[in-house]
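Descriptive structure summary
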Amino acid sequence: MHEMSLCENIREILEKQARADGFARVNKVWLEVGPLSCIEPEALRFGFDVVMRGSLAEGAALDIASSHATARCLACGHVATVQRRYEACPDCKAPGLQVTSGDELKIKKLEVV
Ligand SMILES: [Zn+2]
């Protein structure tokens, strides 16, 4: 389950951020998940609770929003919003748009003390 290691990454980012900005507790974390990231929100929530135990974000609330994925057509340069990989270009019908964003997990906002 890769959600677990993603949560470990988030914890590391939070700890680094806490040292840099001088906060001691994280109350809430807003995440943005790309539709192509293969992340299960439920697995992410579960992993978050487990991984944050004993850290500065123990018991923090988690808000997961879905972002848009974008892809560019290599044939005509058209940029489209997509929901999955390997869609055909809506403009020139060329197969296999190249995904330019939407497969990432981002920390959008933190509520800290
Ligand atoms: Zn095209």
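Residues numbered from 1 in each chain as written. Predicted model: local features only at pLDDT ≥ 70, side-chain atom pairs only at ≥ 80, totals over all residues. Heavy atoms only, no water.

1. Things to note about the pattern of salt bridges
- Under the counting rule described, the total for this entry stands at four salt bridges.
- Its salt-bridge partner being glutamate 32, residue lysine 106 comes within 3.9 Å of it at the nearest N-O pair. In this pair, lysine 106 is assigned in strand E6 (residues 105-112) and glutamate 32 in strand E1 (residues 26-33), connecting sequence segments 74 residues apart.
- Note on glutamate 32: relative accessible area 18%, which makes it buried.
- Between arginine 85 and aspartate 103 there is a salt bridge, with its nearest N and O atoms 3.6 Å apart. Here arginine 85, found in the loop between strand E4 (79-82) and strand E5 (98-101), pairs with aspartate 103, found in the loop between E5 and E6; they are 18 residues apart in sequence, far enough to count as distant.
- Residue classification places arginine 85 among the partly exposed residues on the basis of a relative accessible area of 34%. (Salt bridge = Lys/Arg side-chain N within 4 Å of Asp/Glu carboxyl O. Helix = DSSP H or I, 4+ residues; strand = E, 2+ residues; numbered from the N terminus. Buried < 20%, exposed > 50% of the residue type's maximum accessible area, 1.4 Å probe, protein only.)

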